[in-house]
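# Reading the structure
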Amino acid sequence: GIIDLIDDADESATNTFENLEAAIKKSGLSLEGLTSIGADNTNVNMGNTHSVYTLFHDQVENLFKGNCYCHILHNGVKWVHQQLTVDVEKFLMMAYARFSRSAKRVQELKSYYEFYENDFQVLIKHIKIRWLSLYLSIDRLLLVYKPVKEYFTDQSNRETPKELEKNFQSEETLCILTFLHHILFEIQKTNLELQKKSITAIDLYRIITSIQYKLKQRLDASFFGIQCRNLLNRMSSDTSAELQASFKRFILTFLEYIDKYFSQNVAFLEAIGHFGYGIENLTWNQVQKCIEITKIKGLNEDDLFNEFTELKLTFEMIQKKEVPLLDQIQFFLSNEGQEEIRNSSTTSIHQSESDEEDEEEQTKVIRSDQLWAMLLAVNATPTPNMKKLICFLYSIPASNAYVESIFSDMKHLLSDSRNR
């Protein structure tokens, strides 16, 4: 939950650190319980010399970087745009701006939709700082490409910017759009998964290696989507070769950008990632490896081993029941939820909405955090060491999505008119 909101124009590492430290102490929390710093990947927050992270790390030895992988994926796409022969971001923003403030132009555009018997749909604005807007903007444009292209290439529209007219006349632009649509679809799915409230650093190794594998397969096979391939086949061999080379550079550079961050913590993320598959296939050697890397203070390894084997036995007993494991978890969670409601006087609207959105997913998939919660709760004897380890691992964030969503909500709640 939120413990404080601080408005401070001084965004230096030292000042941010001091504000955070004061907020933590004011709330009665101990710095010893701090497991990671979750923030975007700017040098002020995550730099290796003088940053918010290093200042906290000086006080908390086993503090981990909670790099925001939503930011990493978004910035990676922005960074590699220079590999393409068309500035797609500029192209999309110019096309949108043409109609955003002119009802007359929108009305003119509608006549082209009618000619192609398309239902009118507005273009979606691409905002460079928003994680997910590029794919959505391209997706909408490709859906209505024929009437929009006809509008911009119609010689009777003398006010059409020459740059837009040239781009719409060129099949090269369309080919690049279909390539980006194909590649960004996978990146978009990954970004959306990272934004789920249940995703933590436990899941990062699985998620990032998955997107790396998918993109490497496309790179090795020179596969950029069937629509893109059909357009490439219609072009001259030189143009086709140039575009394919730019597509390969795009994917390769994007993978290098991700790996710049991922490779720094890959051993740690791989070690803790084993806990994301539950307890059934988890081995003591994997638990030991995790202890060595995290260096969690206060763990009694002898007791931890006994607790681990007890939880293994408890899991085997649970599996033998006639009731499916997923149903047992859902029943446990429903009872926990009712207890939580009885003990709470208020309910977060934002959290309730998130719970509703995830309800369908939760009923189909066994989440590792929910499985661990049930095992720790139903085990016959207390397991304090195992609980401490699990709580530590699942507290490390995979992204800064929750905080970013709060910023978006606050813009609506504390608008200029409401804040007078």
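Keep in mind that what you see is a predicted model, and the values were worked out from it rather than measured. (Residues numbered from 1 in each chain as written. Predicted model: local features only at pLDDT ≥ 70, side-chain atom pairs only at ≥ 80, totals over all residues. Heavy atoms only, no water.)

### Here's the deal with the pattern of salt bridges
In this structure the tally under the stated criterion is 10 salt bridges. Put simply, R206 and D203 hold a salt bridge, and the shortest N to O gap is 3.5 Å. Among the residues examined, R206 registers a relative accessible area of 33% and is labelled partly exposed. (Salt bridge = Lys/Arg side-chain N within 4 Å of Asp/Glu carboxyl O. Buried < 20%, exposed > 50% of the residue type's maximum accessible area, 1.4 Å probe, protein only.)

### So, empty space enclosed by the protein
A complete count under the given rule lists 3 cavities of 30 Å³ or more for this structure. In this structure, the largest cavity encloses a volume near 140 Å³. Along the wall of the largest cavity there are 16 residues; nearest its centre are V77, W131, L134, L184 and Q188. Sorting the residues of the lining of the largest cavity by element identifies α4 (69-80), α7 (133-143) and α10 (171-194) as the ones contributing at least two each. Taken together, F64, K65, G66, N67, Y69, A201, L204, N265, F268, L269, I396 and P397 make up the full set of residues lining the second largest cavity. Listed by contribution, the elements that provide at least two residues to the lining of the second largest cavity are β2 (64-67) and α13 (237-273). (1 Å grid on protein atoms, 1.4 Å probe; cavity = no way out; pocket = protein on both sides within 12 Å on 5 of 7 lines; lining within 4 Å. Points joined across faces, edges and corners; volume = space filled by probe spheres on them. Helix = DSSP H or I, 4+ residues; strand = E, 2+ residues; numbered from the N terminus.)

### Notes on the packing of α7 against α10
If you want to describe how two helices pack, look at the angle between their axes and the distance between the axes. At a closest axis distance of 9 Å, the pairing of α7 and α10 adopts a crossing angle of 135°. On the basis of the axis angle, α7 is oblique to α10. For α7 against α10, the interelement crossing comes out left-handed. Residues L134, Y135, L136, I138, D139, L141 and L142 of α7 lie in contact with α10, whose contacting residues are L174, L177, T178, L180, H181, L184, F185 and Q188. Here the residues of the contact of α7 with α10 sort into 11 nonpolar, 3 polar and 1 charged. (Axes fitted to C-alpha atoms, helices over the stretch in contact; angles between N-to-C directions. Parallel < 35°, antiparallel > 145°, perpendicular 65-115°, else oblique. Left-handed = near helix turned anticlockwise from the far one by under 90°. Contact = heavy atoms within 4.5 Å. Nonpolar A, V, L, I, M, F, W, Y, C, P; charged D, E, K, R; others polar.)

### Notes on the pairing of β2
Along any regular strand the residues' side chains alternate between the sheet's two faces. Side chains F64 and G66 project from β2 onto one buried face, and the interleaved K65 and N67 project onto a second face that is buried too. Alignment of strand β1 (residues 36-39) against β2, held across 4 bridges, turns out to be parallel. If you follow G38 over to β2, its bridge partner there is G66. (Pairing = 2+ DSSP bridges.)

### Notes on a negative patch on the surface
Together, D7, D8, D10 and E11 line one region of the surface with negative charge. With respect to the secondary-structure elements, E11 resides in the segment before α1 (13-26). (Patch = residues over 30% accessible without salt bridge, like charges linked within 9 Å, V, L, I, M, F, W, Y side chains within 5 Å. Areas by Shrake-Rupley, 256 points an atom, 1.4 Å probe, with all protein chains shown as cover. Lys, Arg positive; Asp, Glu negative; His and termini not counted. Charge placed at Lys NZ, Arg CZ, Asp CG, Glu CD.)

### Topic: the nonpolar core
Counting 100 residues, the largest nonpolar core has F179, F247, F275 and W372 as the members making the most contacts within it. Sorting elements by how many residues they give to this core places α13 first, with 13 residues. When residues of this core are assigned to domains, at least three map to each of domain 2 (73-266) and domain 3 (296-342 + 367-419). Setting aside residues up to four positions removed in sequence, F179 forms contacts with L84, F224, C228, F247, F250 and I251. Within the second largest apolar cluster, 14 residues are counted, among which are L34, M46, V52 and V60. (Core = buried A, V, L, I, M, F, W, Y, C linked by side-chain atoms within 4.5 Å. Domains from an automatic or database assignment.)

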